[in-house]
Amino acid sequence: MLTEIHQFKLPETTVFGWGAAERVGEYAVKFGRRALLVTGKTATKTSGLQEHISDLLQNCGLQVTIFDDVDPEPFAQKVEAGAEVARRANCDVVIGVGGGSPLDVGKGIAGYLGLEGSFLDYLRGKEINRPGLPYLALPTTSGTAAEITKNAVFYDEERKVKIGMRSDFWFPKVALVDPALTMSMPPTLTAASGMDALSHALESYVSLRAHAASEALSAKAMTLIGRSIRAAFQEGDNRQARE
């Protein structure tokens, strides 16, 4: 009986636990001295997280340029706009902080900075044939897993459609997964992102292309979510449920 060949990849480094975000400067400085910090327009700023991450980076000797013009939808033109900001600042590392949209836009900016031509060309099918800048990701929700995948989704305004992109060059170098960053999520977002995570785990488990490693992680994820999502929804400050 022939055995199908499987390939399994994750970021080079995943740092998980309470306080993991505090180490962002320690990891970012390994990749350069000028960082582009990508966040959303509101929550990350109003919560003080954007300023805190910026301070952590600067305390480790990095120059920080902020691109916080990311909408709830990951618009493709924001990738080009962010990449232009990074080029002007001569950035050599990109750091994304937030939910799925900021993390995808940050990933897109980092990847696009290694390419030539229009980002829309790549979104519409042109081959991604080289690496971009190193990318570090700090998620503030628990649904998309954008911090550990090679995937990103962008909205093509001209065609009025969301398109998924994926490349082995687009895996984040470091994922800093800190449950503390999810503590401020309101109940509705907690429920939505938790169910998003559950659906990802379920569809991965039943996929015809599932294999031993993916099935083990999917099954464990469903167990953890199943016993924690209600408590996280009902008690937003429940540390064990958030973790």
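Analysis parameters
- Once a new chain begins, its residue numbering starts again from 1 and follows that chain's sequence as written.
- This being a predicted model, a pLDDT of at least 70 is required before a residue's local features are given, and a value of 80 or more before pairs of side-chain atoms are given or counted; all residues contribute to the totals for chains, interfaces and linings.
- In computing side-chain values, all of the structure's heavy atoms are included and hydrogens and water are not.
- Think of it this way: any DSSP run of H or I at least four residues long counts as a helix, any run of E at least two long counts as a strand, and we number them from the N terminus.
- C-alpha atoms define the radius of gyration, and 2.2 Å times the number of residues to the power 0.38 defines the globule rule.
- Note on areas: Shrake-Rupley with a 1.4 Å probe; residue coverage comes only from the protein chains shown.
- Note on charges: Lys and Arg go in the positive column, Asp and Glu in the negative column, and His and the chain ends are not counted at all.
- All charge positions are set by atom: Lys at NZ, Arg at CZ, Asp at CG, Glu at CD.
- Salt bridges, as used here, are contacts in which a Lys or Arg side-chain nitrogen is within 4 Å of a carboxyl oxygen on Asp or Glu.
- Relative accessibility under 20% of the residue-type maximum defines a buried residue, over 50% an exposed one, and the middle range a partly exposed one, all with a 1.4 Å probe and only protein chains included.
- Strand pairing follows a simple DSSP-based rule, namely that at least 2 bridges must link the two strands.
- What counts as an axis is a line fitted to C-alpha atoms, over the stretch in contact for a helix, and the angles between N-to-C directions run from 0 to 180 degrees.
- Any two residues whose heavy atoms approach within 4.5 Å at even a single point are treated as in contact.
- Throughout this description, the term nonpolar core refers to a set of buried Ala, Val, Leu, Ile, Met, Phe, Trp, Tyr and Cys residues connected via side-chain atoms within 4.5 Å.

Right, let's talk about the overall build of the protein chain for a bit. For the protein chain, the count of helices and strands is 9 helices and 8 strands. Radius of gyration (C-alpha) of the protein chain: 18 Å, near the 18 Å computed for a compact globule of 243 residues. Considering only C-alpha atoms, the protein chain reaches an extent of 50 × 45 × 35 Å along its principal axes. Here the protein chain has roughly 12500 Å² of accessible surface; of this, 52% comes from carbon and sulfur atoms. Taking the 26 positively charged and 29 negatively charged side chains of the protein chain as two groups, their mean positions are separated by 2 Å.

Counted by the stated rule, this structure contains 16 salt bridges. A salt bridge links D69 to K41; its shortest N-O distance comes to 3.4 Å. Taken together, the residues D69 in strand β3 (residues 63-70) and K41 in the loop between β2 (34-40) and α2 (43-46) connect sequence positions 28 residues apart. A salt bridge links K150 to D168, with the nearest nitrogen and oxygen atoms 3.0 Å apart. Here the residue K150 occupies a position in the loop between β5 (135-139) and β6 (151-156), and D168 occupies one in the loop between β7 (161-166) and β8 (174-177), the gap between them amounting to 18 residues. On the basis of relative accessible area, D168 is assigned to the partly exposed category, the value being 36%. The network of salt bridges with shared partners includes K41, D69, D71 and K78.

So, about the sheet that holds β3. Two pairing modes exist for strands in a sheet, parallel and antiparallel, and in both the strands are linked by backbone hydrogen bonds. Here 6 strands make up an open sheet; going across it, the order is β1-β8-β5-β4-β2-β3 and the pairing parallel. The open sheet is flanked by β1 (13-16) and β3, the only strands paired with a single partner. Each strand of the sheet is rotated relative to its neighbour by a mean of 15 degrees, with strand direction disregarded. Pairing geometry for β2 and β3, over 6 bridges, is parallel. The residue of β3 that forms the bridge with G40 is V70. Packed on one face of the sheet, helix α4 (residues 76-88) meets β2 and β3 and runs near 160 degrees to β3. Each of β2, β3, β4 (93-98) and β5 touches helix α5 (residues 100-112); the most contacted strand, β4, lies at about 170 degrees to it.

What follows is about the nonpolar core. In a soluble, globular protein the nonpolar side chains are often hidden away together inside. Residues L36, V38, V94, I109, F119, F154 and M165 are the most contacted members of the largest nonpolar core, which totals 30 residues. Contributions of two or more residues to this core are made by β2, β3, α4, α5, α6 (119-123), β5, β6 and β7. Counting 21 residues, the second largest nonpolar core, distinct from the first, contains V24, V93, L136 and L176.

This paragraph deals with unusual backbone geometry. Even without being glycine, N90 reaches a positive phi, approximately 55 degrees. Residue position: N90 is located in the loop between α4 and β4. If you check the backbone angles, K160 has positive phi at about 55 degrees while not being a glycine. Structurally, the position occupied by K160 is in the loop between β6 and β7.

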